[in-house]
Amino acid sequence: MRTDDLIRALAQDGQKGRPPGRALSMALVASLPVALLLFLVILGPRPDFATALENLRFPLKFVLTLALAVPALA
Amino acid sequence: MQAANRGDERAYRQLLTELAPLLRAMVRRSLGGGGHADVEDIVQECLLAIHLKRQTWDESLPLLPWVGAIARNKTIDSLRRRGRRTEVPIEPLEEVLAAETPAEGLSTGEIDRALAALTTRQQAVVRAVSVDGISIRETGAKLAMSEGAVRVALHRGLAALSAMMRKDQ
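These numbers come from a predicted model, not from an experiment.

### Focus: the nonpolar core
And step 1. Counting residues in each nonpolar core, the largest one holds 46 residues, and the members touching the most others are Leu23(B), Leu47(B), Val67(B), Leu154(B) and Leu161(B).
And step 2. Listed by contribution, the elements that provide at least two residues to this core are helix 1 (3-12) of chain A together with helix 2 (9-31), helix 3 (39-52), helix 4 (63-81), helix 6 (110-116), helix 7 (120-130) and helix 9 (147-167) of chain B.
And step 3. Dropping the residues within four chain positions of it, Val67(B) is found in contact with Leu19(B), Leu23(B), Met26(B) and Ile50(B).

### Examining the interface of chain B and chain A
And step 1. Tallying the contact residues gives 34 residues for chain B and 19 residues for chain A.
And step 2. Between chain B and chain A lies a buried interface of about 2,500 Å² when both sides are counted; carbon and sulfur atoms form 60% of it.
And step 3. Looking at the side of chain B facing chain A, the largest losses of area belong to Arg13(B), Gln55(B) and Ser130(B), adding up to 20% of the total buried there.
And step 4. On inspection of chain B and its partner chain A, the count reaches zero salt bridges.
And step 5. Remark: the boundary between chain B and chain A carries seven residue pairs in polar contact (both at pLDDT 80 or more).
And step 6. Sorting the residues of the side of chain B that touches chain A by element identifies helix 2, helix 3, helix 6, helix 7 and helix 9 of chain B as the ones contributing at least two each.
And step 7. Take the side of chain B that touches chain A: its biggest share by element is seven residues, from helix 2 of chain B.
And step 8. Classifying every residue of the side of chain B that touches chain A gives 15 nonpolar, twelve polar and seven charged.

### Some remarks on the confidence of the model for chain A
And step 1. The predicted model of chain A averages 83 in pLDDT, with 97% of residues at 70 or higher.
And step 2. Within chain A, the lowest mean pLDDT, 78, falls on helix 3 (residues 49-54) of chain A, and the highest, 87, falls on helix 1 of chain A.

### Topic: the packing of helix 7 of chain B against helix 9 of chain B
All names here are of chain B.
And step 1. Running from amino to carboxyl end, helix 7 crosses helix 9 at an angle of 95 degrees, the nearest separation of the two axes being 8 Å. Taken together, the axis directions place helix 7 and helix 9 in an arrangement best described as roughly perpendicular. On helix 9, the residues that touch Gln122, Val125, Val126 and Val129 of helix 7 are Val150, Ala153, Leu154, Arg156, Gly157 and Ala160.

### A closer look at helix 9 of chain B
And step 1. In this model helix 9 of chain B runs 30 Å from its N-terminal to its C-terminal C-alpha over 21 residues, within 8% of the 30 Å that 1.5 Å per residue would give.
And step 2. All of the buried residues in helix 9 of chain B are Val150(B), Ala153(B), Leu154(B), His155(B), Gly157(B), Leu158(B), Leu161(B), Ser162(B), Met164(B) and Met165(B).
And step 3. Lining the buried residues of helix 9 of chain B we find helix 1 of chain A together with helix 3, helix 4, helix 6, helix 7 and helix 8 (136-143) of chain B.

### Some remarks on the environment of Ile7(A)
And step 1. Relative to the elements of secondary structure, Ile7(A) occurs in helix 1.
And step 2. For Ile7(A), a relative accessible area of 3% puts it in the buried group.
And step 3. On a C-alpha basis, the gap between Ile7(A) and Ala67(A) in space is 46 Å, while along the polypeptide they are 60 residues apart.
And step 4. Each residue touching Ile7(A), except ones within four places of it in the same chain, is listed here: Arg13(B), Leu16(B), Thr17(B), Ala20(B) and Leu47(B).

### Overview of helix 1 of chain A
And step 1. A large share of helix 1 of chain A lies buried, amounting to eight of its ten residues.
And step 2. Here helix 1 of chain A has its buried residues at Thr3(A), Asp5(A), Leu6(A), Ile7(A), Ala9(A), Leu10(A), Ala11(A) and Gln12(A).
And step 3. Contact partners of the buried residues in helix 1 of chain A: helix 2, helix 3, helix 6, helix 7, helix 8 and helix 9 of chain B.

### Focus: a nonpolar patch on the surface
And step 1. Taken together, the side chains of Val34(A), Leu36(A), Leu37(A), Leu38(A), Phe39(A), Leu40(A), Val41(A), Ile42(A) and Leu43(A) present a nonpolar region at the surface, about 930 Å² in accessible area.
And step 2. Tracing the backbone through its elements, the reader meets Leu38(A) in helix 2 (residues 20-43).

### Observations concerning the pattern of salt bridges
And step 1. Applying the stated criterion to the full structure yields six salt bridges over all chains.
And step 2. In this structure, the salt-bridge partner of Asp4(A) is Arg2(A), at a minimum N-O distance of 3.7 Å.
And step 3. Judged by its relative accessible area of 36%, Arg2(A) is partly exposed.
And step 4. Linking Asp77(B) and Arg80(B) is a salt bridge whose minimum nitrogen-to-oxygen distance equals 3.9 Å. Here Arg80(B) and Asp77(B) lie together in helix 4, a separation of three residues that amounts to about one turn.
And step 5. In this structure, a network of salt bridges that share partners links the residues Arg137(B), Glu147(B) and Arg151(B).

What counts as what
Residues numbered from 1 in each chain as written. Chains lettered and ligands numbered in written order. Predicted model: local features only at pLDDT ≥ 70, side-chain atom pairs only at ≥ 80, totals over all residues. Heavy atoms only, no water. Core = buried A, V, L, I, M, F, W, Y, C linked by side-chain atoms within 4.5 Å. Buried < 20%, exposed > 50% of the residue type's maximum accessible area, 1.4 Å probe, protein only. Helix = DSSP H or I, 4+ residues; strand = E, 2+ residues; numbered from the N terminus. Contact = heavy atoms within 4.5 Å. Buried area = accessible area lost by both parts, 1.4 Å probe. Salt bridge = Lys/Arg side-chain N within 4 Å of Asp/Glu carboxyl O. Polar contact = N/O pair within 3.5 Å; in protein donor to acceptor, adjacent residues only side chain to side chain. Nonpolar A, V, L, I, M, F, W, Y, C, P; charged D, E, K, R; others polar. pLDDT = per-residue confidence, 0-100. Axes fitted to C-alpha atoms, helices over the stretch in contact; angles between N-to-C directions. Parallel < 35°, antiparallel > 145°, perpendicular 65-115°, else oblique. Expected span 1.5 Å × (residues − 1). Patch = residues over 30% accessible without salt bridge, like charges linked within 9 Å, V, L, I, M, F, W, Y side chains within 5 Å. Areas by Shrake-Rupley, 256 points an atom, 1.4 Å probe, with all protein chains shown as cover.

This is how it looks when you write it as structure tokens:
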């Protein structure tokens, strides 16, 4: 096939794929609730959740995970 | 490219047409000296990849490095696929090779071979729009398909071509 012919076909194909940023956002919006639900049902939060929060070490685990997740998404 | 992404078909076509010689130069430089029959095939693969992945280009970044990366990857794919023929010593074959180097714009038909493996409908649409140069509306009339169906078949056909080229590895 001549390259010019190929270009002619490409120019007429107006259908675009989804931009990767949007695709990731949509996947996150769909998957986060599912992950949360699975956690609550299968593992369940620790029974002493409220008291554990007082000890500094426990909330820091969340801080660390968030600190990794947020720049990864940016 | 930015105009093309907002739907300016003429700008897009002009961009692709101007990119082709640029891609040819990039590929030739990567492949090194000697005549290469594969250059045009690689250029066509690059154009197809640029087309299918155009929305992954970050508009705030320069275009040419993005194009260059695609060209480099497709050249590597081609070398892998064809078993690095270019490393064979070519001195005894120089006269034969010079005659075999095709004119610019012609390829060894790698995409044509992949085209033949498409489904009948996609093949017909892609051929009509590219080789025969018929417009989408006329293709619909000729093949008894709606315009929307033609567009979908064209896009899927092009995506299938790209998948087929990558499958060979």
